[in-house]
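Geometric and topological summary
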Amino acid sequence: MARRTNLTLLAALAAALITGVLSLWVGEDRAWLVTWIHGAAGFWAVLLIRWKLPIARRGLARRGPDAGASLVTAAVAIAMLLTGIAHALGAGDAGPVTMLGVHLALGVALVPLVLLHVRSHPQVPRRGDLTRAAFLRLAGIAVAAVAVKAAFEATVGTSRAATGSLRQARPAPTSWLDDSPPRVDLGEWRERLDGLPGRSVTCALDCTSGWYSVNRWAGVGLADVLGTLPPGTRSVVVRSHTGYSRRFDAAEVAGLLLATELDGAPLEADHGAPVRLVAPGRRGFWWVKWVSSVEPSSLPSWWQLPFPIS
Ligand SMILES: Nc1nc2c(c(=O)[nH]1)N[C@H]1C(S)=C(S)[C@@H](COP(=O)(O)O)O[C@H]1N2
Ligand SMILES: [Mo]
């Protein structure tokens, strides 16, 4: 019984982790399913606390292996679940970072803690574990988790983007890790952009830290800046003065904009002036700021890390 609860909780956390990471990657179009499953997995873990508590209490009474580490793991796990729910309730900022940012940090911290916990409390599934009764109980809790998630969204959950992000009027100057505005002037770009047709797009900038903002971006089309692509071009690398870069499929270039204006005003340094990329439908980390170069490449677009590392 205890072993099954522990394994089920581990499965719930693994499902939440996988969908959580995926939810940072997917764009608006496919996001809702991933974020919905993520929420249901979270509530699944919450429901399992009811069965996990007596196990934890017995372990502590027995002064089982690494009781201290177990308590820390439990505290981080509960804080992680609570901050996830707080974000879904519409809590945007938690001091200098967003609530979702805290949730993410706790989730990342929980991974090694849970791995260590599993190592000191090994749970080997046994042949007889998945009896009919056990399966029915498992399925019951999973169905309950889906019902709780649906009820939560229908009653207290705030209206959010399909990605789970909360709406705000303006993009908050945000860096992926610790990138900051370099000193660059429009000089080189003025010549390159001169004479190209103006283009604008109104779309959502959706940051993985949990907010999104719909604004009008104006500038020129990336395709117009590149002109005819050399034969064999499979992707285009957009690079920042800071070294930050993202690679896009050549077929996607037509939808990308090099912006110099935000909501009718010249772009500010914090938002990527003089020139920043606008990638409608893609998460914020694709919107390279302080663009220094755009280069056609013969490498495929998947030839890059899924998330930037600088
Ligand atoms: N060069 C560079 N561009 C960047 C980033 C960065 O760290 N460096 N952060 C990205 C992320 S994560 C987001 S959400 C958006 C934020 O744009 P904003 O600062 O205009 O709100 O810029 C993106 N472009
Ligand atoms: Mo972001």
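Up top is the structure these notes are about.
Read on for a plain summary of the structure. Numbers given for residues are sequential positions, taken from 1 along each chain in its written order. Whichever chain is written first is A, and whichever ligand is written first is 1; the rest continue in order. In keeping with the predicted nature of the model, local features appear solely for residues at pLDDT of at least 70, side-chain atom pairs appear and are counted solely at 80 or more, and the whole-chain, interface and lining totals rest on all residues. The basis for the side-chain values is all heavy atoms of the structure; hydrogens and waters are excluded.

Comments concerning the pairing of strand E8 (residues 257-262)
Put simply, the rule is: Strand pairing is defined by DSSP finding a minimum of two bridges between the two strands. Strands here are runs of E lasting at least two residues and helices are runs of H or I lasting at least four, both read from the DSSP assignment and numbered beginning at the N terminus.
Inspection of the sheet shows strand E5 (residues 211-221) paired to E8 by five bridges, in the antiparallel sense. Note that in E8 the partner of Trp-217 across the bridge is Leu-262. Judged from the three bridges that link them, E8 and strand E10 (residues 276-278) form a sheet pairing that is antiparallel. Bridging across to E10, Ala-259 finds its partner in Arg-276. Of the pairings in the sheet, the one linking E8 to strand E9 (residues 265-266) comprises two bridges and is antiparallel in character. For Leu-262, the partnering residue across the bridge sits in E9 and is Ala-265. Remark: two residues form the turn of the hairpin made by E8 and E9, two consecutive strands paired antiparallel; Asp-263 in that turn has positive phi of roughly 50 degrees.

Thoughts on the packing of aromatic side chains
Quick reminder of the rule: Put simply, two rings from Phe, Tyr or Trp (the six-membered ring, in Trp's case) pair if the centres are within 6.5 Å, and we call them stacked under 30 degrees between planes, edge-to-face over 60, tilted for the rest. Under the scheme applied here, a residue whose accessible area is under 20% of the maximum for its type counts as buried, over 50% as exposed, and between as partly exposed, the area being computed with a 1.4 Å probe on protein chains only. For a Lys NZ or an Arg CZ to count as sitting over a ring, it must be within 6 Å of the ring centre and within 35 degrees of the ring normal.
Tallied over the entire structure, the rule returns nine aromatic pairs. Relative to Trp-287, the ring of Trp-217 lies with its centre 5.6 Å away and its plane at 65 degrees, an arrangement referred to as edge-to-face. Of the two residues, Trp-217 sits in strand E5 while Trp-287 sits in the loop between E10 and strand E11 (291-297), which places them 70 residues apart along the sequence. The residues Trp-217 and Trp-287 share a single accessibility class, namely buried. Pairwise contacts between aromatic rings join Trp-25, Trp-176, Phe-248, Phe-285, Trp-286 and Phe-307 into one cluster. Lying across the ring of Trp-286, Arg-246 places its NZ or CZ 4.7 Å from the centre. Positioned over the ring face of Trp-286 is Arg-282, at 4.0 Å from the centre of the ring.

What about the packing of helix H1 (residues 2-25) against helix H2 (residues 28-61)?
Stated precisely, the cut-off is as follows: Note on geometry: axes are lines fitted to C-alpha atoms, helical ones only across the stretch in contact, with angles between N-to-C directions running from 0 to 180 degrees. Angle categories: roughly parallel below 35 degrees, roughly antiparallel above 145, roughly perpendicular from 65 to 115, and oblique for all the rest. When the near helix sits turned anticlockwise from the far one by under a right angle, the crossing is termed left-handed; a clockwise turn instead gives a right-handed crossing.
Two elements in contact, H1 and H2, have axes whose closest approach is 8 Å; the angle formed by their N-to-C orientations is 150 degrees. Considering their axes alone, H1 and H2 lie roughly antiparallel with respect to each other. As H1 runs across H2, the sense of the crossing is left-handed.

Overview of the pattern of salt bridges
Two side chains with opposite charge may pair up if their charged atoms get near one another. Going by this rule: A pair is scored as a salt bridge if a Lys or Arg side-chain nitrogen falls within 4 Å of a carboxyl oxygen belonging to Asp or Glu.
Tallied over the entire structure, the rule returns seven salt bridges. With its nearest N and O atoms 2.7 Å apart, the salt bridge here joins Lys-149 to Glu-153. Pair noted here: Lys-149 and Glu-153 are both in helix H5 (residues 132-155), with a separation of four residues, about one helical turn. Between Arg-283 and Asp-206 there is a salt bridge, and its shortest N-O distance comes to 3.3 Å. Of this pair, Arg-283 sits in the loop between E10 and E11 while Asp-206 sits in strand E4 (residues 198-206), and the two are 77 residues apart along the sequence. For the residue pair Arg-283 and Asp-206, the accessibility class agrees, reading buried in each case. Each of the salt bridges in this network shares a partner with another, and the network as a whole consists of Lys-149, Glu-153 and Arg-160.

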